[in-house]
Amino acid sequence: MAEPASALAAGSVAPAGSVGVVETKYLDLPKPVRLDCGRELHPVRVAYETYGTLSPSRDNVILVCHALSGDAHAAGIAKTPPAESTRDGFGAADRDGSSAKGLGWWDGMIGPGKAFDTDRYYVVATNLLGGCRGTTGPSSADPATGRPYGSDFPVITVADMVRTERAFLDELGIERLAAVAGGSLGGMQALEWAILFPDQVDAVVAIASTHALHPQGMAWNSIARESIMRDPAWQGGHYYGTGRTPEAGLGVARMVGHVTYLSAVALDDKFGRRLQSSPGGTTPRTPRGMSDGKTNVSDMQASPGETAPADIRYTITEPEFQVESYLRHQADSFVRRFDANTYLYTSRALTYFDLARQHGAGSLARALEGVSARTLLIAFSSDWLYPPAASQDIADALGSLGRPAEFHVIEAPYGHDCFLLEEARQTPIIRRFLSRGR
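Below is a short write-up of the structure. Note that the structure is a prediction, hence the values are computed from the model and not measured.

What follows deals with the overall build of the protein chain. The secondary structure content of the protein chain amounts to 13 helices and 14 strands. Within the protein chain, the fraction of its 438 residues that count as buried is 53%. Of all intrachain contacts in the protein chain linking residues separated by at least 6 positions in sequence, the fraction that spans at least 24 positions is 72%. Of the roughly 18200 Å² that the protein chain leaves accessible, carbon and sulfur atoms contribute 52%.

Structural data, given as structure tokens:
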């Protein structure tokens, strides 16, 4: 639920168009959730936030679904800022400044006048099933034992996440959605919604997403999971309360994942081969007249009286290069806010996702036959993890069925993370698409 911007906590600064201070709420589902693996899960608690005003006819609801490491806090400033922000991706510090920890992970897209305009829509965001930020997941208590589930938690799918969201919305008295939207895994959920509940979704906005993860993406996800499970501190998934957690494995998993979210161009532009520091702690300086991130150490020449560029330190244990230090920072911040088992379960769910296999006996067009929602697909030219070709496949399949579909490729260099970084370029596309529906 959102409070006016005037209610901001001392020291917090609400960006233009902010929904203000937001407090995450929780709802316990009254009935078990039936899962694809054949098990039932109960009890199930769902963490959620809402922004905007629900119309009297309840026809202005947009459900926003998050990616692998997100949560229910999608917009505004958290009433109680977390220790670590979900906005810890590429360029987050440059983009957010001191407000980062309290900001919702898609704050640039949700709010008055933004892509998902809270002056017109009632936006709902939940933490997905299997999560570790308020929704029932592996770290939740197993009612059979009173202890955290750990690896006894049932294996889940994207469809299970969507059915949980449907059950949650039933409790809010929301029968129909003006749109379901999300990026990456969030886009997968949006597409699954259109197939499982075709008569309850008016529009789908799937950004940097796919109908099935390509083998290269599956391979990197497998390496990330292995890094967690091979950490002795994982303890077969039952590490809760032992005083040891698989931070090393989860940190490596985050490093692997983060590299897949970026492009070679983005890494080269931001880091090049620049060294992190000299033995005395001096970082390489940027030449006059050139912006930081556009030159290599070999191009830097010290003027008289200035510190010379850093030199290598001949170490295998410490990061020598800025890109290495950056990845360590990503790992360190991630393990402080995320649960390793949730990473395993969520990563497995997105690798299982395959619309053609699940719903079309191998045919994507057949899987989409029942879709009635208008569909907006946005992809990014440099995204090799969820490439534009995957969105093109969906657009082609919908087109062959005569279903309304709109597809845009945005030329941008940052890889998969573009869906979090290129908010300004996505906004007019989404606003036009949604306005045509109304």
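Quick look at the sheet that holds strand β10 (residues 122–126) now. Read from one edge to the other, the open sheet built from eight strands follows the order β2-β5-β10-β6-β11-β12-β13-β14, with strand pairing classed as mixed. Taken across any chain shown, the strands that pair with only one partner, and hence form the sheet edges, are β2 (25–28) and β14 (405–410). Across this sheet, the average inter-strand angle for adjacent strands is 20°, counted without regard to direction. As paired elements, strand β6 (residues 61–65) and β10 share four bridges and run parallel to each other.

Helical geometry: 3.6 residues make up each α-helical turn, so side chains three or four residues apart lie on a common side. Between its terminal C-alpha atoms helix α4 (residues 215–229) stretches 21 Å, which fits the 21 Å expected from 15 residues at 1.5 Å a residue. Taken together, the buried positions of α4 are occupied by G217, N221, A224, R225, S227 and I228. Buried residues of α4, seen end-on, are gathered within an arc of 155° and therefore sit on one face of the element. Buried positions along α4 lie against α5 (247–260) and α8 (340–352).

Time to look at unusual backbone geometry. Of note, the amide linkage connecting H42 to P43 takes the cis form, showing an omega dihedral of 0°. Non-glycine residue A208 carries a positive phi angle of around 45°. Among the structural elements, A208 can be located in the loop between β12 (203–207) and α4. Phi is positive for Q235, close to 55°, though the residue is something other than glycine.

Taking 1.5 Å per residue, 15 residues should reach 21 Å; helix α13 (residues 423–437) reaches 21 Å between its end C-alpha atoms and fits that length. All buried positions along α13 are accounted for by E423, Q426, T427, I429, I430, F433 and L434.

Most of strand β13 (residues 374–380) sits inside the fold, with six of its seven residues counted as buried. As paired elements, β12 and β13 share five bridges and run parallel to each other. Bridge pairing links A203 to R374 in β13. In this structure, β13 lies alongside β14, joined through six bridges in parallel fashion. Bridge assignment links T375 to a residue of β14, and that residue is A405. As a crossover connection, the stretch from β13 through helix α11 (residues 388–400) into β14 is right-handed.

The next subject is the pattern of salt bridges. For the structure on display, the rule yields 15 salt bridges. The residue K25 makes a salt bridge to E23 at a minimum N-O spacing of 3.6 Å. In this structure K25 comes out as partly exposed when scored by relative accessible area, which is 28%. For K79, the salt bridge is made with E23, and the minimal N-O distance between the two is 3.7 Å.

Relative to the helices and strands, A253 resides in helix α5. Overall, the relative accessible area of 0% leaves A253 in the buried class. Expressed as a C-alpha distance, the spacing of A253 and V335, which sit 82 residues apart in the sequence, is 10.0 Å.

Time to look at the nonpolar core. W193, Y343 and L368 are the most contacted members of the largest nonpolar core, which totals 69 residues. Residue contributions to this core peak at seven residues, all from helix α3 (residues 185–196). In this structure L368 touches I195, L355, I394, A397, L398, L401 and R403, once residues within four positions along its chain are discounted. Within the second largest apolar cluster, 35 residues are counted, among which are V22, I62, L376 and F419.

A separate point is the packing of aromatic side chains. The tally for this structure, following the rule as stated, stands at 11 aromatic pairs. Seen in terms of ring centroids, Y48 and F168 are 4.9 Å apart; in terms of plane orientation they differ by 55°. Their pairing is tilted. With Y48 in strand β5 (residues 45–51) and F168 in helix α2 (residues 158–172), the pair connects residues that are 120 residues apart, well separated along the chain. There is no split in this pair, since Y48 and F168 are both buried. When the centroid spacing of 5.2 Å and the interplanar angle of 80° are considered together, the rings of Y149 and F153 count as edge-to-face. Accessibility assignment for this pair places Y149 and F153 in one class, buried. Among the aromatic residues, those joined into a ring-pair cluster are W105, W106 and F116.

Rules behind the numbers
- Residues numbered from 1 in each chain as written.
- Predicted model: local features only at pLDDT ≥ 70, side-chain atom pairs only at ≥ 80, totals over all residues.
- Heavy atoms only, no water.
- Helix = DSSP H or I, 4+ residues; strand = E, 2+ residues; numbered from the N terminus.
- Buried < 20%, exposed > 50% of the residue type's maximum accessible area, 1.4 Å probe, protein only.
- Contact = heavy atoms within 4.5 Å.
- Areas by Shrake-Rupley, 256 points an atom, 1.4 Å probe, with all protein chains shown as cover.
- Pairing = 2+ DSSP bridges.
- Axes fitted to C-alpha atoms, helices over the stretch in contact; angles between N-to-C directions.
- Expected span 1.5 Å × (residues − 1).
- Arc of directions from axis to C-beta.
- Right-handed = clockwise from strand over helix to strand, strands pointing away.
- Salt bridge = Lys/Arg side-chain N within 4 Å of Asp/Glu carboxyl O.
- Core = buried A, V, L, I, M, F, W, Y, C linked by side-chain atoms within 4.5 Å.
- Phe/Tyr/Trp six-rings, centres within 6.5 Å; stacked < 30°, edge-to-face > 60°.

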